[in-house]
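Geometric and topological summary
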Amino acid sequence: MIITGKYPYLRMRRSRKEEWSRRLVRENTLSGSDFVLPIFLTDGINKKQEIKSMKGVYRYSVDNLSSIIDRAIKNKIPMLALFPNTNQKLKDNSGTEALNENNLVSKAIIKIKNKYKNKIGIMCDVALDPYTSHGHDGLIRKKVILNDETVEILTKQSLLQAQLGCDVIAPSDMMDGRIGEIRKILDKNGYVKTQILSYAVKYSSSFYGPFRDAVGSKKALKGNKKTYQMDYGNLNEALREVALDVKEGADMVMVKPGLPYIDVIREVKNCFKIPVLAFQVSGEYSLISNGIKNKIIKEEAIYETLLSFKRAGANAIISYYADYIHKIIR
Ligand code: PBG
């Protein structure tokens, strides 16, 4: 890079002096189109329950989604992400409920597609943790998470979601080889247009705590997910994961969590010219929100962190703040 000019003739502060001038030279901005809105689902009728560890985020019953989706469409949010809080009674060792064409996600896809057609995209998580009694993303035998047996169920879960109208299949389980197998089953059944967003780079993180509260898997979960989610010391491994998933047919990839892995987003974007999404996860949301509530940091911190994802090269951000984006961008 060539640096032209020299102090005192060059003064960098000249362009920062006025608000209009800062706007003029701003390199990155945020709009509603940069966001994916996560929605938690719960049983019942006319329900809207606040999640204790995520103030400002709610679980909705399937009949009660209109207000949040109307707002998302008004704010130009391109896509929703559905996450179920499955009734404990329906959970079992192998996550059978994941394949129920009447489960919460199934019902929500049908309802939303019926009402909104293609005004907004629907993305669904593919993994077993909201459905298993042990809270893990895969099947377990003798304390080991089984890979290939889990992948087989995930392909069925993906096909079911595609059949019901899901636009973007998003495997978040971190089993090996699942992207290729999911692409295969989708194509074989005629769902060639259904996209795959791979959680290609998902670290075994402490920042998922409030999410596990939200879907009700926290109490059940024993141990950790370190035998399938990534070790957070690794960057090269992230690039290998992305390369594999792209080869297997991923249309887009996710890096997750967000802020602690902002370097990974940039590196993935530099190496692969594909759409990259950042997931600002539940723990990040709760920390920032609590900091603001307790007057430790200013509300503008939300904008600052969200914009950092764009600066790092993310095409879009999955964020619980997406529901408030009209207030944040204002
Ligand atoms: C489940 C899944 C998790 C998240 C998204 N999908 C949690 C986990 O892997 O334990 C986390 C999202 C968040 O924390 O906001 N496979």
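Details of the structure are given in the entry above.
I will try to describe carefully the structure that is included in this document. Note that the structure is predicted; figures quoted are calculated from it, not measured.

Some points on unusual backbone geometry
- A cis geometry characterises the amide bond from Tyr7 onward to Pro8, with omega recorded as 10°.
- Checked against the element boundaries, Pro8 lands in the segment before α1 (19-25).
- Residue Pro257 is bonded to the preceding Lys256 through a cis peptide linkage, with omega at -10°.
- Tracing the backbone shows Pro257 in the loop between β10 (252-256) and α8 (262-271).
- Backbone geometry places Lys117, a non-glycine residue, at a positive phi of 50°.
- With respect to the helices and strands, the residue Lys117 is situated in the loop between α3 (104-116) and β5 (121-126).
- With a relative accessible area of 51%, Lys117 lands in the exposed category.
- Phi is positive for Lys143, close to 70°, though the residue is something other than glycine.
- By the element assignment, Lys143 lies in the loop between β6 (140-141) and β7 (144-145).

Here we look at the environment of Ile185
- Along the chain, the position of Ile185 falls in helix α5 (residues 178-188).
- Measuring from C-alpha to C-alpha, the distance between Ile185 and Lys202 comes to 23 Å, with 17 residues separating the pair along the chain.
- Contacts of Ile185, omitting those with residues within four sequence positions, involve Thr155 and Leu159.

Some points on the site of the ligand
- Around the ligand, 17 residues are found, and the nearest of them are Lys202, Arg212, Lys256, Ser282 and Tyr320.
- Here a nitrogen atom of the ligand and a side-chain polar atom of Asp129 are 3.1 Å apart.
- Within the side chain of Ser172, one N or O atom sits 2.9 Å away from a nitrogen atom of the ligand.
- Burial of the ligand by the protein amounts to 100% of the accessible area it has alone, namely 410 Å².
- A per-class count over the shell around the ligand returns seven nonpolar, three polar and seven charged.

Here is what the cut-offs are and how they apply
- Residues numbered from 1 in each chain as written.
- Predicted model: local features only at pLDDT ≥ 70, side-chain atom pairs only at ≥ 80, totals over all residues.
- Heavy atoms only, no water.
- Helix = DSSP H or I, 4+ residues; strand = E, 2+ residues; numbered from the N terminus.
- Buried < 20%, exposed > 50% of the residue type's maximum accessible area, 1.4 Å probe, protein only.
- Contact = heavy atoms within 4.5 Å.
- Near = heavy atom within 4 Å.
- Polar contact = N/O pair within 3.5 Å; in protein donor to acceptor, adjacent residues only side chain to side chain.
- Areas by Shrake-Rupley, 256 points an atom, 1.4 Å probe, with all protein chains shown as cover.
- Nonpolar A, V, L, I, M, F, W, Y, C, P; charged D, E, K, R; others polar.

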